[in-house]
Amino acid sequence: MQESHARWTCGAALWIATAAGAPAAPIPEFAELARFDGDVVVRVQPRGEADLRLIEQLSDDPWTCSPSAAGSVDYRIARDQIATLVLHGVPFRVVIENVQTLLDAELASRQQPFDDRAYFDNYADYNGVSNYVNSLVAAYPGFVTRISLGSSVDGRDIFAMRVTSPVPPIGGVRKPVVVLNSLQHAREWITVTSNLYMTTALLNGYASDPTAKSILDEYELVIVPISNPDGYVHTWTNNRLWRKNRRVTSATTRGIDLNRNWSVGWGLSSGSSGSLSSDVYRGPSPFSEPETQALSNYMLGVPKVVAHIDIHSYSQLILRTWGYQYANPPGLASINRIGNAMKNSIAAATGATYTYGGSEILYLASGTAPDWVFGTLGAFSVTAELRDTGANGFVLPTSFIIPTGEDVLAMVKSMIQKLCRADFTKDNIVDDADFVQFAASYDSFITNSGDLTGDGTTDDADFVLFAGAYDQFLCP
Ligand code: 0X9
Ligand code: ZN
């Protein structure tokens, strides 16, 4: 008996009722890297449900989705299926002429030994990234600490870095934390290099760049380069275009979309799927996966997460909350102020055009990381979709590594500079109650080392200096 259900299409808010129960494609356990000879990526402009059904029949691999309000969708299909699109008069254009040629070029550069090249000349596999984290710890003692957030389904470490300067926090035991995680989706390799590039640039810039210095003096960055270790390894060894984690879900299906597995907005069919074979399968319950548990539990244990970016590719977007609904989030004006600054700072730094907006510029996505961070922790949180806009999609040539890393550097710097830190009560309104809470933290501060004036005594003059620091928390 077939059940009618909303079927997710990797596209702009396009939802269709379709018959479930088509046999799930078996998941091949590739003896070697899967090949995609003769495949192209097409950008389709569906005229209605019939067009969508056709493209879903032709393709088992929706790529990411166009920001265009016109609602185009990208799919990988076999070249000889182009004729079918033409035959049915479906409007489309080819955005990637030859997927395998892109993959071959990437593979050729992978085969150079990692040690022989500069870090950002190429992509690095799971061990390469782990080694790079170790090398940052060694190169910046006192600034970088390696931590573990937990383990993946297959037992791989979800490692992370705490990055901050040795300058102590004002009025607390830990500086406000900014969390930057990449690669919930395994095939989005550019997100890993960009996250590491941004981290390295801030550390390098500490001595010479006042912005880098103030960021690392006032904040702690928690960087999670590979949020989906098993998926990432799988893209290096078996299928470069894998998206989900590697959980066995049935005899023929694998993987849960980690970015549909978070609890806020979880389970809606308008933005995720309950079908095991779907690329946006949400899993059996919120936080069913150790990877999402590891990230969320870590953030719950941090005294103050003040901002977060969940880094993805591609499409060049900054997506604010909410992902799961079109309704405005509380504090929208403040969110827009930061989001627009991020977009503008990227354009100024690298010339790249990113679009900023809510789910209306992409599609609804339910159970995502930023909705949880914003909804549960009250912290500013966005999804960044990095380069490009589709010419190379997930298989970005290595020449994009540094420019896209510069995009992320600009977005992180501008986000942190624009953060409104005065909202201590986390009600999205800055008022006297915030100052009261701020001032109260002086009590715990004074029991440690209240002598801010450095005159050998802890007295009212120290409180005056402490309270003065509140001004720098006020929203621009
Ligand atoms: O679908 C996703 O998880 C993200 N796009 S991707 O192509 N990298 O898979 C977007 C998630 C955020 N979406 C919204 N805020 N609407
Ligand atoms: Zn993604």
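Residues numbered from 1 in each chain as written. Chains lettered and ligands numbered in written order. Predicted model: local features only at pLDDT ≥ 70, side-chain atom pairs only at ≥ 80, totals over all residues.

**So, the overall build of the protein**
Working step 1: Counting secondary structure elements, the protein contains 13 helices and 14 strands.
Working step 2: Every one of the 476 residues in the protein was classed for burial, and the buried ones make up 47%.
Working step 3: Of all intrachain contacts in the protein linking residues separated by at least 6 positions in sequence, the fraction that spans at least 24 positions is 74%. (Helix = DSSP H or I, 4+ residues; strand = E, 2+ residues; numbered from the N terminus. Buried ≥ 20, exposed ≤ 12 C-beta atoms within 10 Å, placed from the backbone. Contact = placed C-beta atoms within 7 Å.)

**As for the packing of helix α9 (residues 332-350) against helix α11 (residues 401-418)**
Working step 1: Interhelical geometry of α9 versus α11 gives an angle of 140° and a closest axis separation of 8 Å. Regarding α9 and α11, the two cross each other, and that crossing is right-handed. Contacts from Arg337, Ile338, Ala341, Met342, Ser345, Ile346, Ala349 and Thr350 in α9 reach Pro403, Glu406, Asp407, Ala410, Met411, Lys413, Ser414, Met415 and Lys418 in α11.
Working step 2: Of the residues belonging to the contact of α9 with α11, the class tally is nine nonpolar, three polar and five charged. (Axes fitted to C-alpha atoms, helices over the stretch in contact; angles between N-to-C directions. Left-handed = near helix turned anticlockwise from the far one by under 90°. Nonpolar A, V, L, I, M, F, W, Y, C, P; charged D, E, K, R; others polar.)

**Digging into the sheet that holds strand β11 (residues 305-313)**
Working step 1: Read from one edge to the other, the open sheet built from eight strands follows the order β7-β8-β10-β9-β11-β14-β12-β13, with strand pairing classed as mixed. Bordering the open sheet on either side are β7 (144-151) and β13 (355-357), each of which pairs with just one other strand. Each strand axis lies, on average, 20° off the axis of its neighbour in the sheet, ignoring direction.
Working step 2: Bridge count for strand β12 (residues 317-319) against strand β14 (residues 380-386) is three bridges, and the pairing is antiparallel. Residue pairing in the sheet places Leu319 in a bridge with Thr383 of β14. (Pairing = 2+ DSSP bridges.)

**Side note on the nonpolar core**
Working step 1: Counting 108 residues, the largest nonpolar core has Val42, Val178 and Val412 as its most contacted members.
Working step 2: Sort the elements by how many residues they give to this core and helix α5 (residues 190-205) lands first, with eight residues.
Working step 3: Residue-level mapping places this core at the junction of two domains, with at least three residues from each of domain 1 (4-104) and domain 2 (117-418). (Core = buried A, V, L, I, M, F, W, Y, C linked by C-beta atoms within 7 Å. Domains from an automatic or database assignment.)

**So, the packing of α5 against α11**
Working step 1: At a closest axis distance of 8 Å, the pairing of α5 and α11 adopts a crossing angle of 60°. Here α11 runs oblique to α5, going by the angle between their axes. Where α5 crosses over α11, the handedness of that crossing is right-handed. Residue-level contacts link Ile190, Thr193, Ser194, Asn195, Tyr197, Met198 and Ala201 of α5 to Ile401, Ile402, Thr404, Gly405, Asp407, Val408, Leu409 and Val412 of α11.
Working step 2: Class assignment for the residues of the contact of α5 with α11 results in nine nonpolar, five polar and one charged. (Parallel < 35°, antiparallel > 145°, perpendicular 65-115°, else oblique.)

**Side note on the pairing of strand β9 (residues 177-182)**
Working step 1: The buried fraction of β9 is high, at six of six residues.
Working step 2: Pairing analysis gives five bridges linking β9 to strand β10 (residues 220-224), with the strands arranged parallel. Its bridge partner being in β10, Val179 is matched across the sheet by Val222.
Working step 3: Bridge count for β9 against β11 is six bridges, and the pairing is parallel. Its bridge partner lying in β11, Val178 is registered against Ala307.

**Describing helix α3 (residues 99-110)**
Working step 1: End to end, α3 covers 17 Å across twelve residues, agreeing with the expected 16 Å (1.5 Å per residue, within 8%).
Working step 2: Looking at the buried side of α3, the elements it contacts are β3 (39-44), β5 (73-78) and β6 (92-96). (Expected span 1.5 Å × (residues − 1).)

**Quick notes on the environment of Glu218**
Working step 1: Secondary-structure assignment places Glu218 in helix α6 (residues 210-218).
Working step 2: Look at Glu218 and you get partly exposed, because 18 C-beta atoms sit within 10 Å.
Working step 3: For the pair Glu218 and Ile416, spaced 198 residues apart in sequence, the C-alpha to C-alpha distance is 9.9 Å.

**Topic: α11**
Since there are 3.6 residues in each turn of an α-helix, residues three or four apart along the chain are aligned in direction.
Working step 1: With 18 residues, α11 should cover 26 Å at 1.5 Å per step; its first-to-last C-alpha distance of 26 Å lies within 8% of that length.
Working step 2: The buried fraction of α11 is high, at 13 of 18 residues.

**Focus: unusual backbone geometry**
Working step 1: Residues Ser313 and Tyr314 are joined by a peptide bond in cis, for which omega reads 0°.
Working step 2: Its place among the elements puts Tyr314 in the loop between β11 and β12.
Working step 3: Residues Thr321 and Trp322 are joined by a peptide bond in cis, for which omega reads 0°.
Working step 4: Residue placement: Trp322 occurs in the loop between β12 and α9.
Working step 5: Its identity as a non-glycine residue notwithstanding, Leu183 has a phi of 60°, on the positive side.
Working step 6: By the secondary structure assignment, Leu183 is in the loop between β9 and α5.
Working step 7: For Ser315, which is not glycine, the phi torsion reads 135° and is therefore positive.
Working step 8: Tracing the backbone shows Ser315 in the loop between β11 and β12.
Working step 9: Judged by the 25 C-beta atoms lying within 10 Å of it, Ser315 falls in the buried class.

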